[in-house]
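# Commentary on secondary and tertiary structure
The primary structure of each chain is shown beneath.
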Amino acid sequence: SYMVKREICRKIRDLGIIGNIRFVDHHLCHINSSLHTSGFKEALALSFDGQGDGYCSKIYLMKDNGRQKKLIYKNVFFKSLAYYYGYTTKILGFKPMEHEGKIMALAASGNPDKAFEIFNSRLFFDNIRGKFIKKGYYNLPEIEYIKEKLADFSREDIAAGVQKHLETNAISYIRYFLKKNPADKIALSGGIFANVLLNQKISELPEIKEIHIHPNMGDGGLALGAAIEIVTRFPCYSNKRIDDVFFGPSLTGDMEVLKSKYGLNEIEKDDILFHVADLLAQNKIIGLVEGRMEYGPRALCHRSILCNPFNHSINDILNKKLQRSEFMPFAPVVLSDDVTHYFEDVDKKMFAMKFMTITCNTKEIFQKQAPATNHIDNTARPQIVFKDTGRIYKILEYFKKITGCSVLVNTSFNMHEEPIVNSIEDAIIAFKKSGIDFLMIENRLFY
């Protein structure tokens, strides 16, 4: 509204920021964030979340390297699939808007058919009329209705049902508009696409040759999308594929002062990265911190904890040390050269896998060598690394020489419910709290 915009402008100016202020639609910001980081010349772009500016989803068709974007559909906020996923998260005793990933993990252990029809009777995509049909209530009344209907179901079957509801209807929605607006590349953004299993199903559509999910797919990506909307109006603008997402702050803090303050001991070796790989092969757990922090929700080996994927019990060990309660295995980080050795059908997903935004079906060799990162449904959510990714590439090369395996466990460097570490001191405090074995800061190793 006018009053809200005026108040925003006033607060910005109170901060001493003087200049023109422009407002960009929520879903256009999402669309920009995925389209204009994809490098695609033509694509279908889809945003989907709970709500923003009155809608839960918009679809654009992009042509001419991003210079032409045509809005082809918009879906009102109360017809969002995200609400049913959120309702389910609450019904199962987790925190909506935070623990949806636990529902996705539980889904692999359940029978989806039992609960699917209950969800689908409340909201579904009509392939004939080309729109979502809502027959349920909204918010608390709908939560109570669903809860009553699901009273005799196991939480695994409920999770599997809502996951199937999301996948079935999101894919019907996408295919309907792909048929009307043929495109072989798709760019995705919005909180729904934090669901990596859904992203895998979309990538497997025969119409699609390549998929890109914005690495900061939730509302954290809106600021970039808003900036892009303004920049794209300049003639010099060109649509480029992002190389990495290390957009955050660089490491801060005086290492020598902090080393003394926290009683750290340093290991000195001629080739410290080989020593790290050797320690990992011995089942040691190492925190790795270097360079600028990752942008988005995934730890991509600039603020990560690494360990040996052969160790079946590492999930329980890490969860205990980090005070977490996770149902699914941690994610693997894998050498780019060996992706096809470990995973099925990766051609469409290579770009997405760089940012850990999609799952893949695993091969038998992966299941044997990296059981700690293999889910019960034989999928994994990998990060693939190239030579320019950072120290992790060389560590993986050495680990492969020692063990024959080019996979490591990669999980975010933070205690449960705490932010990911940012500064050197953050990393040291989390290191000491967790009791993991070693801490690597840039090219220095401590215990």
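The structure reproduced in this document is the subject of the present report. (Residues numbered from 1 in each chain as written. Predicted model: local features only at pLDDT ≥ 70, side-chain atom pairs only at ≥ 80, totals over all residues. Heavy atoms only, no water.)

### Overview of the overall build of the chain
For the chain, the count of helices and strands is 17 helices and 17 strands. Its C-alpha atoms give the chain a radius of gyration of 23 Å, within 12% of the compact-globule value 22 Å for 447 residues. For the C-alpha atoms alone, the extent of the chain along its principal axes is close to 65 × 60 × 40 Å. Buried residues in the chain amount to 55% of all 447 residues. (Helix = DSSP H or I, 4+ residues; strand = E, 2+ residues; numbered from the N terminus. Rg over C-alpha atoms; globule rule 2.2 N^0.38 Å. Buried < 20%, exposed > 50% of the residue type's maximum accessible area, 1.4 Å probe, protein only.)

### Examining the packing of helix 3 (residues 81-91) against helix 6 (residues 140-149)
Helix-helix packing: each pair is described by the crossing angle between the helix axes and the interaxial distance. Two numbers describe how helix 3 lies on helix 6: the axes approach to 10 Å, and their chain directions differ by 65°. Crossing handedness for the pair helix 3 and helix 6: right-handed. Taking contact as the criterion, the partners of Y84, Y87, K90 and I91 in helix 3 are, on helix 6, E142, I143, I146 and K147. (Axes fitted to C-alpha atoms, helices over the stretch in contact; angles between N-to-C directions. Left-handed = near helix turned anticlockwise from the far one by under 90°. Contact = heavy atoms within 4.5 Å.)

### A short note on the pattern of salt bridges
Applying the stated criterion to the full structure yields 25 salt bridges. Put simply, K201 and E167 hold a salt bridge, and the shortest N to O gap is 3.7 Å. With a gap of 34 residues between them, K201 in helix 8 (residues 196-203) and E167 in helix 7 (residues 155-180) connect regions that are remote in the sequence. According to the relative accessible area criterion, K201 is partly exposed, its value standing at 32%. R233 serves as the salt-bridge partner of E229, at 3.6 Å between the closest nitrogen and oxygen. (Salt bridge = Lys/Arg side-chain N within 4 Å of Asp/Glu carboxyl O.)

### Some words on a nonpolar patch on the surface
A grouping of V4, I8 and F23 is seen on the molecular surface, where their side chains present a nonpolar patch of about 250 Å² in accessible area. Within the secondary structure, F23 is located in the loop between helix 1 (2-14) and helix 2 (26-35). Classification of F23 as partly exposed rests on a relative accessible area of 39%. (Patch = residues over 30% accessible without salt bridge, like charges linked within 9 Å, V, L, I, M, F, W, Y side chains within 5 Å. Areas by Shrake-Rupley, 256 points an atom, 1.4 Å probe, with all protein chains shown as cover.)

### A short note on the environment of L273
With respect to the helices and strands, the residue L273 is situated in helix 11 (residues 272-281). Judged by its relative accessible area of 12%, L273 falls in the buried class. Distance from L273 to M440, taken between C-alpha atoms, is 9.6 Å for residues 167 residues apart in sequence. If near-sequence neighbours (up to four positions away) are discounted, L273 is found in contact with R391, K394, I395, Y398, M440 and N443.

### Looking at a negative patch on the surface
Side chains of E204, E344, D345 and D347 sit close together on the surface and give a patch of like negative charge. Counting through the fold element by element, E344 comes out in the loop between helix 13 (339-342) and helix 14 (350-353). (Lys, Arg positive; Asp, Glu negative; His and termini not counted. Charge placed at Lys NZ, Arg CZ, Asp CG, Glu CD.)

### Points about helix 11
Among the 10 residues of helix 11, seven are classified as buried, and the element is accordingly described as predominantly covered. Positive backbone phi, at 70°, marks N283, one or two positions downstream of helix 11.

### So, the nonpolar core
Membership of the largest hydrophobic core comes to 93 residues, with the highest contact counts inside it found for Y173, F193, I202, F343 and I392. Among the elements that take part in this core, helix 7 stands out by supplying 12 residues, more than any other. When sequence neighbours within four positions are dropped, the list of residues in contact with I202 reads I171, I174, I186, L188, F193, I208 and I211. Grouped together as the second largest cluster of nonpolar side chains are 27 residues, L318, I428, I441 and F446 included. (Core = buried A, V, L, I, M, F, W, Y, C linked by side-chain atoms within 4.5 Å.)

### Let's talk about the pairing of strand 3 (residues 68-76)
Of the pairings in the sheet, the one linking strand 2 (residues 55-63) to strand 3 comprises eight bridges and is antiparallel in character. Across the sheet, residue I59 finds its bridge partner in strand 3, namely Y73. Where strand 2 folds back onto strand 3 in an antiparallel hairpin, the turn is made up of four residues, including D64, whose phi is positive at roughly 55°. (Pairing = 2+ DSSP bridges.)

### Examining the sheet that holds strand 7 (residues 210-213)
Taken together, five strands build an open sheet; the order of strands is 3-2-1-6-7 and the sheet is mixed. What marks the edges here is a single partner per strand, and that holds for strand 3 and strand 7. Strand after strand, the sheet turns through a mean of 15° between neighbouring axes, direction not considered. Relative to strand 7, helix 8 is tilted by about 155°, and along the sheet it contacts strand 6 (185-189) and strand 7.

### As for the sheet that holds strand 10 (residues 303-307)
Sheet strands pair via backbone hydrogen bonds, and the direction of the pair is either parallel or antiparallel. Here we have eight strands laid out as an open sheet, ordered 8-17-16-9-10-15-11-14, and mixed in their pairing. The strands lining the two open edges of the sheet, one partner per strand, are strand 8 (266-267) and strand 14 (383-385). By the bridge criterion, three bridges tie strand 11 (residues 331-335) to strand 14 in an arrangement that is parallel. Residue pairing across strands places V333 opposite Q383, the latter belonging to strand 14. On top of the sheet, helix 16 (residues 391-403) reaches strand 9 (286-289), strand 10, strand 11, strand 14, strand 15 (407-412) and strand 16 (438-441); it is set at about 85° to strand 11, its chief contact. Relative to strand 16, helix 17 (residues 424-434) is tilted by about 170°, and along the sheet it contacts strand 9, strand 16 and strand 17 (444-446).

### Here we look at unusual backbone geometry
At D53, a position not held by glycine, the phi torsion is positive, near 55°. In this fold, D53 is placed in the loop between strand 1 (43-52) and strand 2. Phi angles above zero are rare outside glycine, and M356 is one such case at about 60°. Residue class for M356 comes out buried when judged on its relative accessible area of 1%.

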